[in-house]
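One letter stands for each residue in the lines below.
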Amino acid sequence: MKKELSIFDNPKNVKKLLIIFYCSLVILLIAEFFIHPHPAFFFEHVKGFSAVYGFFSCVMLIFLAKILRLIVMKKENYYDK
Amino acid sequence: MTSNMIPPAIIFILAAFLIPFLKGKTKSIYMLLIPVATFYVLVNIPYGNIWTYEFWGYNLILGRIDKLSMIFGYIFTIMAFLGILFALKVKDDLQHVSAIVYAGATLGVVLAGDFLSLYLFWEIMAVSSTFLIIASRTRASREAGFRYILVHLIGGLFLLAGIVLYTQKTGTIAFDYIGLTGIESYLIFIGIALNAAAIPLHAWLPDAYPNGTPTSTVFLSAFTTKSAVYLLIRTFPGADLLIWIGAFMVFVPIFYAVLENDIRRVLAYSLLNQIGFMLVGIGIGTQLALNGAVAHAFCHILYKGLLFMAAGSVLQMTGKIKCTEIGGLYKTMPLTCLFCIVGAASISAFPLFSGFVSKSMIVTATVNEKMVFVYLILQFASAGVFHHAGIKVPFFTFFGHDSGIRAKDPSWNMTLAMGIAAFACIFIGVFPQPLYNLLPFIVDYVPYTGAHVVGQLQLLMFGALAFALLILSGYYPPEIKSINLDVDWSYRKLGRGAYIVMDRGLNLINRVSESVLMGVVKGVVSFFKSAAAKIALFVSVNIWLLLGYRGKRLEIKKNRLYNDILEGTLPIGIGAAVAISFILLMFILT
């Protein structure tokens, strides 16, 4: 039988992956200083606007989704009752 | 050249009905050849109106061939091929036949140049797709299929009403740009928007699609909504209303996608979100925006098909598809995992993947039109898409907690179909020019600029950072076995409530009217029933008195006659005699 993959069972590998991920974030922030800027609107003159917007979009998304869950979540057999 | 070619829709629909008579390899090759033959026809037909027929004084146009209809014709044929390849080993002719008829009807809708043939193919699409939903043969799928067909028949009626009014007003069934002007245009708009799953007419989609079989959902995800997107581009480009519907659609479904437990429902909500991008593009209506909407529909069909194929593979091999029940599948399904990640990267619009070169056209169009608010919503949604479809779907399916399931990659044909779709996603992302050449307007757009790539990557990667931090901190909403209410609640729960109200209310009226009516009728009937007896008695008693009957003998005679008449046991001769004697009496007395 073929050996199954298990690289992510080792916490060391997960940690390595996270470090690579964090490094790529830093590189992206630095890269913005070396490209020809092409701002769409006035607020995009601020360096790192996309990064901040992306981060807070996802935080807001989760925050609002948790509130929404209080309203719309029902048991799986809700419609069968 | 064209006279000896058959319209693509007819090829598909006629060819479908031979499938049940074929077996084994012949059947597989035959099914794969249907889209190949159609593709050959599409490549070889000239532009213009072809396959026109006279029908009851109306001109049917089965082939309106221009750049807009052709690009949709190509992608639907390609997707039909991939879907057939993916479903090749399914041992259920009903699914094969309905899937191929469905694909054919969609091609019919896309190429139709007149409303009559459009409506015909539109309804074939609704019916054949219903069979794909109920093909799971579960109670849930049957009920969802029933709701699906009801909703679509109502949508079809709106379209038909609009078509009738439109035809009466313009005197022709041919159509092109309509625009939101009169009542007929709004009726047509509602009919098409329902098929595009435009909010608030969207609930049928996340209700029905996740109930399909592992393979039929792939077909469903491609055809109905995108053929409606095509029609909106054709008939309502630049309708401001679509910008707002679209902006709402990119925004709201992502919250549901975050909460949903069923992977295919997550994908259904992200499908709504992606259509939202297209509707914004159509609503803006500039050449760049319309190009963007078309390109995005093209790419979307491929990567969404790919994602549904990956989800279908997981469902096929494990029998499970809920986040709470699966996880850690990368260990034994590495290829499916890899293809799923390609699909996820494409839908998230990562640079070098297909979504990047199409979605960014729509976003740039909002910039050109100075729509700050819409731009910010689209950017928010872009981060959100990456969050739920780009990360959540692969993460909870193939990584996350190890469910202990050790399912293998699916059969060669399913893997190959995913492989081709994944290849196409990357190819378009790296070489967008062939796709741009197919678009309806000349493309003057460069997706790969430094600012755009870095900006998009920042948006996505810092969204991913938020996901990572929330997962690690435990704040991320846990996967719970649950369902989330959507507007289908109105016709599923309220509908049931309305039924109870109708039952109690209207049936009460029924019962009251029944008792009143029956009382009156009974009274009248019994009056007329005894009336004959009473008249007969009146006549007879007088005769009997004349004849000298008195006392007890008269009583006995009266009772016997009365009962005989009431029970109908009176010989007809006596009845006749009574009648005649009655007439005689009248004659004598007057």
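Residues numbered from 1 in each chain as written. Chains lettered and ligands numbered in written order. Predicted model: local features only at pLDDT ≥ 70, side-chain atom pairs only at ≥ 80, totals over all residues.

1. Let's talk about the overall build of chain A
On a plain count of helices and strands, chain A comes out with two helices and one strand. Ordered by position from N to C terminus, the α and β elements of chain A give α-α-β. Against the globule reference of 12 Å for 81 residues, chain A gives a C-alpha radius of gyration of 21 Å, more extended than a compact globule. Based on the C-alpha atoms only, the size of chain A along its principal axes is roughly 60 × 45 × 20 Å. Looking at chain A as a whole, 14% of its 81 residues are labelled buried. (Helix = DSSP H or I, 4+ residues; strand = E, 2+ residues; numbered from the N terminus. Rg over C-alpha atoms; globule rule 2.2 N^0.38 Å. Buried ≥ 20, exposed ≤ 12 C-beta atoms within 10 Å, placed from the backbone.)

2. Some details on the overall build of chain B
For chain B, the helix and strand inventory stands at 21 helices and three strands. Since a compact globule built from 590 residues should have a radius of gyration of about 25 Å, the 34 Å found for chain B marks it as more spread out than a globular shape. The buried share of chain B, taken over its 590 residues, is 50%. Partitioning the contacts of chain B with sequence separation of at least 6, the portion at a separation of at least 24 is 81%. (Contact = placed C-beta atoms within 7 Å.)

3. Structural notes on the pairing of strand 2 (residues 58-65) of chain B
All names here are of chain B. With six of eight residues buried, strand 2 is to be regarded as a mostly interior element. Pairing of strand 1 (residues 48-55) with strand 2, which is carried by seven bridges, proceeds in the antiparallel orientation. The residue of strand 2 that forms the bridge with phenylalanine 55 is tyrosine 58. Between strand 1 and strand 2, which pair antiparallel one after the other, the connecting turn spans two residues, and tryptophan 56 there sits at a positive phi close to 50°. (Pairing = 2+ DSSP bridges.)

4. Thoughts on the interface of chain B and chain A
Facing 42 residues of chain B, the contacting portion of chain A comprises 38 residues. Listing elements by their share of the side of chain B that touches chain A, those giving two or more residues are helix 10 (240-259), helix 15 (372-398), helix 18 (450-473) and strand 3 (483-484) of chain B. Considering every element that reaches the side of chain B that touches chain A, the biggest residue donor is helix 18 of chain B, with 16 residues. Across two bridges, strand 1 (residues 73-74) of chain A lies against strand 3 of chain B in antiparallel orientation. For methionine 73 of chain A, the partnering residue across the bridge sits in strand 3 of chain B and is asparagine 484 of chain B.

5. A look at helix 13 (residues 334-347) of chain B
Residues and elements named next belong to chain B. The end-to-end C-alpha distance of helix 13 is 20 Å, a good match for the 20 Å that 14 residues give at a rise of 1.5 Å each. The element helix 13 is largely enclosed, with a buried count of 10 among its 14 residues. After helix 13 finishes, the residue alanine 349 shows a positive phi value of roughly 65°. (Expected span 1.5 Å × (residues − 1).)

6. Some points on the environment of methionine 371 of chain B
Residues and elements named next belong to chain B. Its place among the elements puts methionine 371 in the loop between helix 14 (354-368) and helix 15. Residue methionine 371 is classed as partly exposed on the basis of its 19 C-beta neighbours within 10 Å. As for methionine 371 and isoleucine 284, which are separated by 87 residues in sequence, their C-alpha atoms are 9.7 Å apart.

7. A closer look at the domain arrangement of chain B
Interfaces are often sized by the amount of accessible area the parts lose when they come together. Domain assignment breaks chain B into domain 1 (1-234), domain 2 (237-482) and domain 3 (516-589). Placing the centre of domain 2 of chain B and that of domain 3 of chain B at their C-alpha centroids yields a distance of 90 Å. (Domains from an automatic or database assignment.)

8. Quick look at the environment of arginine 139 of chain B
All names here are of chain B. Its place among the elements puts arginine 139 in helix 6 (residues 139-170). Owing to 9 C-beta atoms within 10 Å, arginine 139 belongs among the exposed residues under this scheme. Sequence-wise, arginine 139 and asparagine 211 are 72 residues apart; in three dimensions their C-alpha atoms are separated by 9.9 Å.

9. Thoughts on the environment of methionine 79 of chain B
Residue and element names in this part refer to chain B. Within the secondary structure layout, methionine 79 lies in helix 3 (residues 67-86). Distance from methionine 79 to alanine 421, taken between C-alpha atoms, is 8.8 Å for residues 342 residues apart in sequence. Contact partners of methionine 79, with chain neighbours within four places excluded, come to Ala222, Ile301 and Gly305.

10. Section: the nonpolar core
Residues and elements named next belong to chain B. Core analysis: the largest hydrophobic core is formed by 196 residues, its most contacted members being Phe12, Leu306 and Leu307. Among the elements that line this core, the one with the most residues is helix 12 (residues 287-318), at 21 residues. For this core, the domains that each give at least three residues are domain 1 (1-234) and domain 2 (237-482). Once residues within four sequence positions are removed from consideration, leucine 306 is found in contact with Phe339, Val342, Gly343, Met418, Ala421, Ala422 and Cys425. (Core = buried A, V, L, I, M, F, W, Y, C linked by C-beta atoms within 7 Å.)

11. Topic: the confidence of the model for chain B
The predicted coordinates ought not to be read in detail in places where the model reports low pLDDT. Of the residues in chain B, 96% have a pLDDT of 70 or more, and the chain-wide mean is 88. Both scores are available for the predicted complex, with the pTM at 0.84 and the ipTM at 0.88. (pLDDT = per-residue confidence, 0-100.)

12. Digging into the packing of helix 12 of chain B against helix 13 of chain B
Residue and element names in this part refer to chain B. Where helix 12 meets helix 13, the closest approach of the two axes is 9 Å, and the angle between their N-to-C directions is 145°. Seen along the crossing, helix 12 lies across helix 13 with a hand that is left-handed. Mapping the contact onto sequence places Cys299, Tyr303, Lys304, Leu306, Leu307, Ala310, Ser313 and Val314 in helix 12 and Thr336, Phe339, Cys340, Val342, Gly343, Ala344, Ser346 and Ile347 in helix 13. (Axes fitted to C-alpha atoms, helices over the stretch in contact; angles between N-to-C directions. Left-handed = near helix turned anticlockwise from the far one by under 90°.)

13. Points about the packing of helix 3 of chain B against helix 16 (residues 412-430) of chain B
Residues and elements named next belong to chain B. Their axes nearest at 7 Å, the elements helix 3 and helix 16 cross at an angle of 155°. One way to sum up the angle between helix 3 and helix 16 is to call them roughly antiparallel. Residues Leu82, Leu85 and Phe86 of helix 3 form the contact with helix 16, whose participating residues are Asn413, Met414, Leu416, Ala417, Ile420 and Ala421. When its residues are assigned to classes, the contact of helix 3 with helix 16 shows eight nonpolar, one polar and no charged. (Parallel < 35°, antiparallel > 145°, perpendicular 65-115°, else oblique. Nonpolar A, V, L, I, M, F, W, Y, C, P; charged D, E, K, R; others polar.)

14. Focus on helix 10 of chain B
Helix length check: helix 10 of chain B, at 20 residues, gives a terminal C-alpha distance of 31 Å against a target of 28 Å (1.5 Å per residue), a fit within 8%. Of all the 20 residues making up helix 10 of chain B, 15 are buried; the element is thus mostly covered by neighbouring parts of the structure.

15. Re unusual backbone geometry
All names here are of chain B. A cis amide bond, omega 5°, links isoleucine 199 with the succeeding residue proline 200. With respect to the element layout, proline 200 can be found in the loop between helix 7 (183-195) and helix 8 (204-208). The phi torsion at tryptophan 51 lies on the positive side, around 55°, for a residue other than glycine. Assignment of secondary structure puts tryptophan 51 in strand 1. One non-glycine residue, leucine 352, adopts positive backbone phi at about 80°. Structurally, leucine 352 can be placed in the loop between helix 13 and helix 14.

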